[in-house]
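Tertiary structure, described
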Number of protein chains: 2
Amino acid sequence: VAEPQRQTPAALGEFGLIAALTARFAAGGAALLGPGDDAALVSAGDGRIVASTDLLVQDRHFRVAATSPRDLGHKAAAVAMADIAAMGAVPTALLLGLAVPADCDAGWVTQLADGLNAECAVVGARVVGGDVVAADVIVLAMTALGDLQGREPLTRSGARVGDVVAVCGRLGWSAAGLALQERGLVDEFPELTQAHLRPNPPYRQGPEAADLGASALIDVSDGLVADLGHVATASRVRVNLASGALAPDPEPAAAARRLGDDALGWVLTGGEDHALVGTFPAAVRLPASWRVIGTVEAGPPDVTVDGSPWPGAGGWEHFRAPGLTGGHGGGPA
Amino acid sequence: VAEPQRQTPAALGEFGLIAALTARFAAGGAALLGPGDDAALVSAGDGRIVASTDLLVQDRHFRVAATSPRDLGHKAAAVAMADIAAMGAVPTALLLGLAVPADCDAGWVTQLADGLNAECAVVGARVVGGDVVAADVIVLAMTALGDLQGREPLTRSGARVGDVVAVCGRLGWSAAGLALQERGLVDEFPELTQAHLRPNPPYRQGPEAADLGASALIDVSDGLVADLGHVATASRVRVNLASGALAPDPEPAAAARRLGDDALGWVLTGGEDHALVGTFPAAVRLPASWRVIGTVEAGPPDVTVDGSPWPGAGGWEHFRAPGLTGGHGGGPA
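Below is a short write-up of the structure. Since we're looking at a predicted model, the values are computed, not measured. (Residues numbered from 1 in each chain as written. Chains lettered and ligands numbered in written order. Predicted model: local features only at pLDDT ≥ 70, side-chain atom pairs only at ≥ 80, totals over all residues. Heavy atoms only, no water.)

1. With respect to the pattern of salt bridges
Residue and element names in this part refer to chain B. The tally for this structure, following the rule as stated, stands at 21 salt bridges over all chains. Here arginine 198 ties to aspartate 71 by a salt bridge, and the two come within 2.8 Å at their closest N and O atoms. Of the two residues, arginine 198 is situated in the loop between α5 (190–197) and α6 (205–212) and aspartate 71 in helix α2 (residues 69–85); the sequence distance between them amounts to 127 residues. Overall, the relative accessible area of 26% leaves arginine 198 in the partly exposed class. When the shortest N-O distance is used, the salt bridge between lysine 75 and glutamate 272 registers 3.5 Å. Of this pair, lysine 75 sits in helix α2 while glutamate 272 sits in the loop between α9 (263–269) and β10 (276–280); the two residues are 197 residues apart in sequence, bridging distant segments of the chain. (Salt bridge = Lys/Arg side-chain N within 4 Å of Asp/Glu carboxyl O. Helix = DSSP H or I, 4+ residues; strand = E, 2+ residues; numbered from the N terminus. Buried < 20%, exposed > 50% of the residue type's maximum accessible area, 1.4 Å probe, protein only.)

2. Some points on the relation of the copies chain A and chain B
Copy one and copy two of the chain differ by a rotation about an axis and a translation along that axis. If you rotate chain A by 180° and push it 0.0 Å along the axis, it lands on chain B with an RMSD of 0.0 Å. Such a turn and shift between the copies fits a two-fold axis. Every residue of chain A has its C-alpha some distance from the rotation axis, and the shortest such distance is that of glycine 47 of chain A, at 2.2 Å. Take the interface residues of chain A: 100% of them recur as interface residues in chain B, which is what a same-surface contact looks like. (Least-squares fit on C-alpha atoms with pLDDT ≥ 70 in both. Contact = heavy atoms within 4.5 Å.)

3. Digging into the sheet that holds strand β7 (residues 164–168) of chain B
Residue and element names in this part refer to chain B. With respect to topology, seven strands assemble into an open sheet ordered β8-β10-β7-β11-β9-β12-β13, the strand pairing being mixed. Every interior strand has two partners, whereas the edge strands, β8 (216–219) and β13 (308–309), have only one. Sitting on the sheet, helix α7 (residues 224–235) touches β7, β8, β9 (238–241), β10, β11 (291–297) and β12 (302–305), and the angle it makes with β8 is about 145°. (Pairing = 2+ DSSP bridges. Axes fitted to C-alpha atoms, helices over the stretch in contact; angles between N-to-C directions.)

4. Digging into the interface of chain A and chain B
Each side of the interface is counted separately: chain A has 68 residues, and chain B has 68 residues. Summed over both partners, the interface of chain A with chain B buries about 5,300 Å², with 63% contributed by carbon and sulfur atoms. Where chain A meets chain B, there are six salt bridges. For aspartate 37 of chain B, the salt bridge identified is with arginine 156 of chain A, shortest N-O distance 3.7 Å. Considering every element that reaches the side of chain A that touches chain B, the biggest residue donor is strand β3 (residues 48–57) of chain A, with nine residues. In terms of residue class, the side of chain A that touches chain B is made up of 40 nonpolar, 14 polar and 14 charged. Looking at chain direction, strand β2 (residues 40–43) of chain A and strand β3 (residues 48–57) of chain B are connected through four bridges and run antiparallel. Across the sheet, alanine 40 of chain A pairs through a bridge with alanine 51 of chain B, a residue of β3 of chain B. (Buried area = accessible area lost by both parts, 1.4 Å probe. Nonpolar A, V, L, I, M, F, W, Y, C, P; charged D, E, K, R; others polar.)

This is the structure:
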C-alpha cells in the first residue's frame, strides 16, 4: 500500500489546485455562476452591488503556527463580509485571491476553503471565484459582495449632532486574545483565543441598523476610537463616548487582571472584533442587541471619552508598528 | 527651500496613503459610492454582476525594475477586466487590494493608481475601492466587476461540434516582449516590449461576441492552446486549430528571427496578450475584427493543430516553472 502523499500545489499544478477548490465552491444562492469560468455571475437584486476588498498577509495579519487554516478561512471571510454588513447590506458572495508557496500543503489550502465556506454559510453567502498564484508568503485577498435589498447604504458621513452612538457585538475580545497569544496563555481563556482567531461579526445587525434608521455605520476593524474617528471626520462631528457604558465584558476583564493589562484600552483601541458601531437619531428605539455608548456633538471632528481625548493610541495602522506611532496622544483627530 | 521629500507609506501612514489614493478614485459612472467607506456601491443594471479576481505578485508576474508603476497599473487593470469581457460583459468597476513594503515610494503607488485609472477609462470603468497593507513584496489583488447589460454570460462550456473558433486581439506579442526583455533587447522592438508591459485587450469585442451569438468565449491569459484546452474540457469537444490561420504577426515574426526563437510557439503558448478567443456557430457572419483559426470537432477533449497534438508546452502554470513541466509533450489533454 502506497504511503498517503502530502500534495503540494507544485505537484497538483495550478489547475489541479483550482479544481480542488472549485469542487468545494458550488453555485447556488446569489451565485448564478460559481467558480470555474473567467468570472462569476452574482445576482444583484435591486440593481446595485456592495463591494469591498481586504488583504490578509502572513506574519502581518496572521501566523501560520498560531491559526488553523479553517479558522483563518473563517476570519478572512468575516473581515470581508463585516464591511458589507457595515453598509447595511447582506453579504452574498466572496472571491478569494490566494497566494501560497508552491511547496505548501494543498490540504492547508482546502481546509482554508472549508473555513471560508462555513463562514459564508452563516449568512447564506457563497464563494464564487478567485485566483490562486505562487508567492513566498501567504496572502489572502478577499472581495465580498452584498445586496442592500433596496435599502439606502449606511456610510460614515451621515452622523448628525444629537444622534446617539450604539454598538453591537464584542469589543476588546480579539485584542485580549492576541495579548494572551503573545504571552503564550492561549489555553487559560479559550473563548478569548477563539474570538481572536475567529471573529463573530453581527452580520444581521447591519441591515437591522439600516431598517432602524441609523444615520451612519462602520465596523470596528482598527479599534473603536480609530473607526469612530473616521465617522467623526466624514460627518464633521465630535463623537463623545461615555466610559461608564464601555465597561469591559467579564472575559476580557479577567484576562486583563491576569496579564496586568488594561481592558478598557482593549475596548477602545482593540480592533478585529468587527463589532458594528453606528449613530442613530435619539428618538430611535434600539433593540437589546444595541448598546448606547455615546453621543454625537458639535465640535471639531474628534473622538473623546467623557469629554476628553483618550490618552491611548488611536488604533491599528498597517504601516506603523505601535512603537512607531509615538504611542500616546495620538488618535484620529 | 526644503528638499522635496520622498514619502513612504510608513511616513504617510495607512490613512494618509489611502487618502492619496481615494483622491484619485472618484465616484461616477457605475460607481454610485466610490472609495472611502467600508465598501463601494456599484450599479448592476440588469440585476446581476460579473466578478473576477486576479493576483499579480512581484518577481512572479512583474519586476519593479522592468516596469513603470503606470504600466503596471494598466496591466493589472487589463488582466482583471479582460476576464469580464470574456464573459461578454462590460467592465464597470475595479477594486484594488495592494500590499507594498512600508518603505516603498508613495509616488510609485500613486503612479500605479494613475495607470489603473487610465486603463479603466478605456472602457468607462472606475476604481471604486480596495485595501492597502504592508508586506515584504508587492502584491496586487484586482477585482473587476462588470455588467452583462441583459446578455447571457459567455462561458467556457458552450462550444458545440461544428462551431468555428475565432480570435480577436494579439497573439504572441507579449511573449515576444518578454523574450526580448529577458535577452536585454527591449529597445529593438519597442512595440513588443510595450505589448508585454501594457497589454491591450479587445474589451469591446466581449459583448460583441455575445451579440454575434458566440457559443463560448475565453481570454488568452495562459496561452492559446492552454486556454482553449479549458474550453475543450468544459464543452467536451476537440478544438482543432489550423496552423495556416495562425501565421505570426510581422512584429513577433521579426523578433523571433532576431532571437532565433519560434514565433508560432509564442502564438500558441504565449499568454498575457489577453486576446479573446471564442467559438461561433458556423453560420455567424463575423466582422473583420475576428479571425477564424480553427473548428470545433467531436472527440476527446483536447486541442490539436492541423489534427495533431502540439508538441510544445501547453502554456503557463503558476506553480510550475517551465523547466519543471517536462517542457515537451504536455498540453492540456
